[in-house]
Amino acid sequence: MAGSHSHRTTLKRKNKNFKSAHSSKRSLKAANKGRVEGSVKGGKGMKTPSKIERKNLANQIKANKIMKSLNERNLFSSSSAAERIVTIIPLTSNISAIDIINQLLSPITDEESPSITSEPSITSVKIKKFKANLKFIIPDKSNLISILDACKVSDFVILALSATEEIDPKVGEQIIRSIELQGISTVIGVIPDVVQAYPKKNLQQDVVKSLTSFYTHFFPNTEKLYTIENSSDALNAIRTLCQKFPKSITWRDNRGYLVADNITYEQKDPNNQMEGYIVVEGVARGLGFNADRLIHLPGFGDFQLAKIEKLVSNQRKLNNNNEDINMNSDSTDNFFPTENRDTLDELLPIEEMNEDEEWDVDEMNEDMERNYNSLSGGNIQSEKPKRLPKGISEYQAKWYLEDDLEDLIDEHGLQSDDDDEEVMYDDEEVEMQMDENDGRSGYEPSEMFVELTPEEEAKQLELYQRRAKDDLDFPDEIELNMNESAQKRLARYRGVKSLANCEWDFDEADPKRPSEWERYLRISNFKATKSKILKEYIRDSQVQAGERVRLYIEAPSYILERIQDPKIQPFVVYGLLEHEHKLGICNFSIQTWEGYDQPLKSKESIIVQYGPRRQVISPLYSGSTRNANNVAKFQRYLHPGNVSIATAITPVMFTNTPAIFYRQDHTTGQIEMIGHGTFLNTDHTRILAKRVVLTGEIFKIHKNVVTIRYMFFNSDDVINYKYIPLFTKMGRSGLIKESLGTHGYFKAIFDGKLNAQDIVGMSLYKRLWPKVSIMHQE
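Attention in this report is confined to the structure presented alongside it. (Residues numbered from 1 in each chain as written. Predicted model: local features only at pLDDT ≥ 70, side-chain atom pairs only at ≥ 80, totals over all residues. Heavy atoms only, no water.)

Along the backbone of the protein chain there are 18 helices and 31 strands. Once local pairs closer than 6 in sequence are excluded, the contacts in the protein chain between residues at least 24 apart make up 75%. (Helix = DSSP H or I, 4+ residues; strand = E, 2+ residues; numbered from the N terminus. Contact = heavy atoms within 4.5 Å.)

The subject of this paragraph is the sheet that holds strand β4 (residues 156-160). Strand pairing in a sheet is mediated by backbone hydrogen bonds. Such pairs are either parallel or antiparallel. Strand order in the open sheet formed by five strands is β2-β3-β1-β4-β5, with mixed pairing between adjacent strands. Of all the strands in the sheet, just β2 (121-127) and β5 (186-190) have a single pairing partner and so form its edges. On average, adjacent strands in this sheet sit at an angle of 25° to one another, irrespective of strand direction. Of the pairings in the sheet, the one linking β4 to β5 comprises five bridges and is parallel in character. Of the residues in β5, the one forming a bridge with Ala 160 is Val 190. (Pairing = 2+ DSSP bridges. Axes fitted to C-alpha atoms, helices over the stretch in contact; angles between N-to-C directions.)

In this section: the packing of aromatic side chains. Summed over all chains, the structure comprises 15 aromatic pairs. Judged by centre distance (6.3 Å) and plane angle (35°), the rings of Trp 251 and Tyr 574 are tilted. Linking Trp 251 in helix α9 (residues 250-253) with Tyr 574 in strand β16 (residues 572-575), this pair joins segments that are 323 residues apart in sequence. Trp 251 gets classed as buried once you look at its relative accessible area, which sits at 3%. (Phe/Tyr/Trp six-rings, centres within 6.5 Å; stacked < 30°, edge-to-face > 60°. Buried < 20%, exposed > 50% of the residue type's maximum accessible area, 1.4 Å probe, protein only.)

As a further point, take the pairing of strand β21 (residues 631-635). Within β21, four of the five residues are buried, which leaves the element mostly enclosed by the surrounding structure. When β21 meets strand β25 (residues 687-702), the two strands line up parallel, connected through three bridges. Among the inter-strand pairings, Lys 633 is bridged to a residue of β25, identified as Ala 689.

With that settled, consider the environment of Met 775. Position of Met 775 among the secondary structure elements: in strand β31 (residues 774-775). The class of Met 775 is partly exposed, set by a relative accessible area of 24%. Here the alpha-carbon distance between Met 775 and Arg 614, two residues 161 residues apart in the chain, equals 6.3 Å. Residue contacts for Met 775: discarding those within four places in its chain leaves Gly 299, Phe 300, Gly 301, Arg 614 and Gln 615.

What follows deals with the environment of Ala 659. Of note, Ala 659 is situated in strand β23 (residues 658-664). The class of Ala 659 is buried, set by a relative accessible area of 1%. The spatial distance from the C-alpha of Ala 659 to the C-alpha of Arg 614 is 9.6 Å, given a sequence separation of 45 residues. When neighbours within four sequence positions are excluded, Ala 659 is seen to be in contact with Phe 588, Val 608, Gln 609, Tyr 610, His 676, Gly 677, Thr 678 and Phe 679.

By size, the foremost hydrophobic cluster in this structure holds 58 residues, and its most contacted members are Ile 89, Leu 91, Leu 159, Ile 179, Phe 588, Phe 654 and Phe 661. Ranked by the residues each element gives to this core, the list is headed by helix α4 (residues 144-152), at five residues. With sequence-adjacent residues up to four places away left out, Phe 661 is seen in contact with Phe 588, Ser 589, Ile 590, Ile 606, Ile 607, Val 608, Ile 617, Met 673, Ile 674, Gly 675, His 676 and Gly 677. (Core = buried A, V, L, I, M, F, W, Y, C linked by side-chain atoms within 4.5 Å.)

Positioned with a positive phi, Lys 131 is a non-glycine residue whose angle comes to about 55°. Mapped onto the elements of the fold, Lys 131 is located in the loop between β2 and β3 (132-138). The phi dihedral of Asn 630 is positive, around 60°, even though this residue is not glycine. Position of Asn 630 relative to the elements: it lies in the loop between β20 (620-623) and β21.

Now for helix α3 (residues 97-105). Residue pairs spaced three or four apart in an α-helix point in one direction, given the helix's 3.6 residues per turn. Along α3, the residues classified as buried are Ala 97, Ile 98, Ile 100, Ile 101, Leu 104 and Leu 105. One face of α3 carries all of its buried residues, which in axial projection span an arc of 160°. Tucked into the core, α3 has its buried residues touching β1 (84-90), β2, β3, β4, β5 and α8 (231-243). The distance from a side-chain oxygen at the start of α3 to the backbone nitrogen of Ile 98 is 3.3 Å, and the residue carrying that oxygen is Ser 96. (Arc of directions from axis to C-beta. Polar contact = N/O pair within 3.5 Å; in protein donor to acceptor, adjacent residues only side chain to side chain.)

This part is about the environment of Pro 725. With respect to the secondary-structure elements, Pro 725 resides in the loop between α18 (715-720) and β27 (726-728). Look at Pro 725 and you get partly exposed, because its relative accessible area is 30%. Discounting chain neighbours no more than four positions away, the residues touching Pro 725 are Lys 497, Gly 734, Leu 735, Gly 761 and Met 762.

So, on to the pairing of strand β18 (residues 606-610). Side-chain direction in a regular strand flips from residue to residue, so the side chains alternate between the two faces of the sheet. Burial runs high along β18: five of the five residues are buried. Of the two faces of β18, the one lined by Ile 606, Val 608 and Tyr 610 and the one lined by Ile 607 and Gln 609 are each fully buried. Here β18 pairs with strand β19 (residues 613-617) via five bridges, running antiparallel. Residue pairing in the sheet places Ile 606 in a bridge with Ile 617 of β19. Note that β18 and β23 share four bridges and pair antiparallel. Residue Val 608 lies in a different strand from β23, and its bridge partner there is Phe 661.

In short, geometric facts, not functional conclusions.
Laid out in structure tokens, this is it:
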């Protein structure tokens, strides 16, 4: 017992964590568990706000939110409250929009039902029970453009689903996707025929559950679908329309817009009937209007404002004796344009162009002749004479960096004054070289090269072209004819070592460049400029949302004749931000429409709708790459499922705007949706480079030295393209060493041994320029 007894140790003691005199790095790392404190610039510690400061900041944030909410709700809660715009869209053919409105208003017994007899139509209804005014829009359901335009300005969109008929994917689902992608406010789903079709309640619940599942696939935040045949659901639906505050559409509410209640025409001069003012009366929405800014009429274009009249009802004023006077009659406040009003010029004035960027005509012609008769392209800057290696001309030297040129000089020596710019070879020189080297060239081929007969050459070429058509290894591959010169056909193409880091002048002289290239709007920092212009528009607005105004638009009289009755089809006036009338090189993100499988080729005319505008464009598609040099590879086709960039010259837009792309059949007028995306920016420095790939067949292999044929068909082309890098399908890279014979055969050396089944390629690039768009006429 005594031998088994042991005392507990009392020498080991553990200090408390907060009383530790020293902590090791290991213990500190374990205690922090990977947490790293943020470093502060300047070595100053971060100041912790006091309780009073935190409380004050919270109150400021709260007050700003309350003020923002009050300003937004002022549109519908003021004494002259605006009408809540409601668009009715039946998604099937067996549902009537007129019946839906009557079912919604049936529980309101103390009010007269609207007299709606035809579609399309616009009807205003005053709901006394909920102290609200509603404006019901029934668009032409056979015209998708009419539906899109009505949903743009709507505060509420009612989508009606049928209990007996399925929604057609090509009609109903296309409507849902379109209005969702262009931006939509509050959406309400209704079922107007479930009780009539299924008298039993259990069947009604199953149908409603099935339709709710379909509807929430597009609008997941939907709480329920209203069966408006029941008076309780109809009353709840009409209460929602009258009391709920609608959601905001960013691009629409970040500018002023107005739905016309009345349209008249006033002549400026009694003797000239063509000049005058289109007077549009309505309630301003969004950020209001300014007389200095332009306005946009969809389908008609951009116009200037001659005057803005703000109508004030029952305004209280003070007279000269400071007595309060009640103005029972309407009064007006007039706003006129100033000297800073926007003009209708789409291009920058010539006098504002930078003098350093102006081209001299003679110099530009000389540059074009020098640059585009060779592969060098449009480098317009004058360069100092360079030390050139033997066999390399001045334009070939531009393909290489200084270090590469020095390496070639060390290998081949300097170019002397007596040397020609191009080294020419013929059959006799090749035979003399092979005789001097005992039948071998300086690069030690495996055996002596022997030219084939013309008949055998043509036969083997036909076999090669047939195999190439069966299996195109490169999407940009092109073929040269036997009697075709690559220098002539590819005169505007240039060879670059890497497209991602090559130097390319975005203002280069090019005969294909648009004539007004330098007068298009140029913005160095699009994001900062967009924020600045939007803040200035908010600050300079002369009328606010909820105020009734008359806009005097300077427009010819024939436009009024083309405007439909505002009681049948909504007529909308959109305010433009500063510079939004100017043309710029604009970029859109684009992705093919769901289920659209037709080929979409670059430069084909399509229609793009972004914000209030619809333009006919011939876009250039390119990859959505972000290279440091801002050079992107051109795409011949828009590939399904991939996000690409569509570039065209269009009016700019300074709001976050979705874009919808579609085609319109000129005979039937039907709309076919082809893609969707977003307006990105305007960027004149983004370069689109089109690539072509010349491919050749491996004829003979000796280690890493390979004889290649069918890439060129004469020795001049081989020598001219001698210093452009080669690549293979399996990832090898190489360079041309020498030309063989007169039929375009040549030797190349690669960084490794090639497979006999491999294919050799050469990439060449040329600059593409975007095209100007036009406004879509409806």
